[in-house]
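Remarks on the overall topology
These are the residues of each chain, in order.
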Amino acid sequence: MRQVIVAGNWKMNKTVSESVEFVKELQEGLGFDLKLQVLVFPPFTSLYSIGRIVDKSRIGFGAQNMYFEKAGAFTGEISADMIKSCGGEYVIVGHSERRHIFGESDEVIGRKVKSALESGLKPVVCIGEKLDEREAGKTEQVIERQFYKAFEYVQEDMIEDCVIAYEPVWAIGTGVNATPEQACEAHDFVRGLLEKKYNGGVAENFTILYGGSVKPGNCKELFEKNGVDGFLVGGASLKVVSFLEIIKIVNNMLV
Ligand code: PEP
């Protein structure tokens, strides 16, 4: 069974008190029959405080990044165990901002996925092409390369703890989302890669999220597409009202 997920990536937003207030308000708003997994990804500084107040039966949480080493002289980095010690269960790996602003390579992302899984964190692995790559007809080539590098060290017994977020870079924070057809095409391609590397059962049960300018006004048509199993939301996850609206729209579409 594929798990449907609506996740919020807060990026470099919200102080500790703002984060706590947000989670409390969100929790209050989730007082209905919730059929999907809600996740929030606050900045590192808010993880511990959120861990103390969150009702994990309603909201899961994790970090936006981590380093692959366990400990040591890596100034500015945090480890999977540190995230876990705050109560976090997930980690975003390979977000396009990590790849393109901070220069993270496919190799580094593969090592992070491995380290997250070995420590018992569930990685949400982001993949997606840039605009020039799409325009050059290289979308599938880019996705395939990122996929194989990210899951290079992941055997079949670990893959079920992973989630993939297809996030075309040109759609992130731009207000221009992929069309449902473009999202569907990319998700089908990723599912095909999962089938090739693992097997049909893994591919069938695997959660693939779409991310890139998702908002209450476009989530219904995107979620209607087969193979879109939820969303990784940036901008629209920063306000309880819009995040909750997306959650409710998707939840109402589930039987
Ligand atoms: C993101 O940061 O993962 C994202 C999808 O951002 P936005 O929804 O703002 O495009």
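Overview of the structure. (Residues numbered from 1 in each chain as written. Predicted model: local features only at pLDDT ≥ 70, side-chain atom pairs only at ≥ 80, totals over all residues. Heavy atoms only, no water.)

1. Some points on the packing of helix α1 (residues 16-29) against helix α2 (residues 44-53)
- Look at α1 against α2: their axes get within 9 Å of each other, and the N-to-C directions meet at 35°. Here α1 and α2 pass one another in a crossing that is right-handed. Contact residues: Val16, Ser19, Val20, Val23, Lys24 and Gln27 in α1; Thr45, Ser46, Ser49, Ile50 and Ile53 in α2.
- Per-class residue counts for the contact of α1 with α2 are five nonpolar, five polar and one charged. (Axes fitted to C-alpha atoms, helices over the stretch in contact; angles between N-to-C directions. Helix = DSSP H or I, 4+ residues; strand = E, 2+ residues; numbered from the N terminus. Left-handed = near helix turned anticlockwise from the far one by under 90°. Contact = heavy atoms within 4.5 Å. Nonpolar A, V, L, I, M, F, W, Y, C, P; charged D, E, K, R; others polar.)

2. Points about the environment of Ser105
- Locating Ser105 in the fold gives a position in the loop between α4 (96-100) and α5 (106-118).
- Sequence separation between Ser105 and Lys122 is 17 residues, and the spatial gap between their C-alpha atoms is 20 Å.
- A polar atom in the side chain of Ser105 sits 3.1 Å from the backbone nitrogen of Val108. (Polar contact = N/O pair within 3.5 Å; in protein donor to acceptor, adjacent residues only side chain to side chain.)

3. Focus on the state of the cysteines
- Applying the stated criterion across every chain, the model contains zero disulfides.
- Here Cys219 stays unpaired: no disulfide links it, and the sulfur of Cys184, its closest cysteine neighbor, is 16 Å away. (Disulfide = S-S within 2.5 Å.)

4. Section: the pairing of strand β1 (residues 5-9)
- Among the five residues in β1, five count as buried, and that is most of the element.
- Taking every second residue as pointing to the same face, both faces of β1 are buried, with Ile5, Ala7 and Asn9 on one and Val6 and Gly8 on the other.
- Both β1 and strand β2 (residues 37-41) contribute to a ladder of five bridges, which runs parallel. The partner of Val6 across the bridge, within β2, is Val38.
- For the crossover that starts at β1, traverses α1 and ends in the parallel β2, the hand is right-handed.
- Looking at chain direction, β1 and strand β8 (residues 230-233) are connected through four bridges and run parallel. (Buried < 20%, exposed > 50% of the residue type's maximum accessible area, 1.4 Å probe, protein only. Pairing = 2+ DSSP bridges. Right-handed = clockwise from strand over helix to strand, strands pointing away.)

5. As for the packing of α1 against helix α12 (residues 240-252)
- Running from N to C, α1 and α12 point in directions that differ by 35°, and their axes come no closer than 10 Å. Both α1 and α12 take part in a crossing whose hand is right-handed. Counting all contacts with α1, which are made through Phe22, Glu25, Leu26 and Gly29, the residues of α12 involved are Val240, Phe243, Leu244, Ile247 and Lys248.
- Within the contact of α1 with α12, the residues separate by chemical class into six nonpolar, one polar and two charged.

6. Here's the deal with the packing of aromatic side chains
- Inspection of the entire model under this criterion finds eight aromatic pairs.
- For the ring pair Phe22 and Phe243, a centre distance of 6.4 Å and an interplane angle of 40° mean the geometry is tilted. In this pair, Phe22 is assigned in helix α1 and Phe243 in helix α12, connecting sequence segments 221 residues apart. Pair check on accessibility: Phe22 and Phe243 agree, each one buried.
- Each ring, one from Phe147 and one from Tyr148, has its centre 5.1 Å from the other, and the planes form 90°; the classification is edge-to-face.
- Judged by relative accessible area, Phe147 falls into the buried class, the value being 0%.
- Through successive ring pairs, a cluster of aromatic residues spans Trp10, Phe22 and Phe243. (Phe/Tyr/Trp six-rings, centres within 6.5 Å; stacked < 30°, edge-to-face > 60°.)

7. A word on the site of the ligand
- Every one of the 14 residues lining the ligand counts as a neighbour, but Lys11, Glu167, Gly173, Ser213 and Gly234 are closest to it.
- Take His95: an N or O atom from its side chain is 2.9 Å from an oxygen atom of the ligand.
- Glu167 places a polar side-chain atom, nitrogen or oxygen, 2.8 Å from an oxygen atom of the ligand.
- In the complex, the protein chains occlude 96% of the 290 Å² of accessible area that the ligand would expose alone.
- Residues belonging to the shell around the ligand are distributed by class as follows: four nonpolar, eight polar and two charged. (Near = heavy atom within 4 Å. Areas by Shrake-Rupley, 256 points an atom, 1.4 Å probe, with all protein chains shown as cover.)

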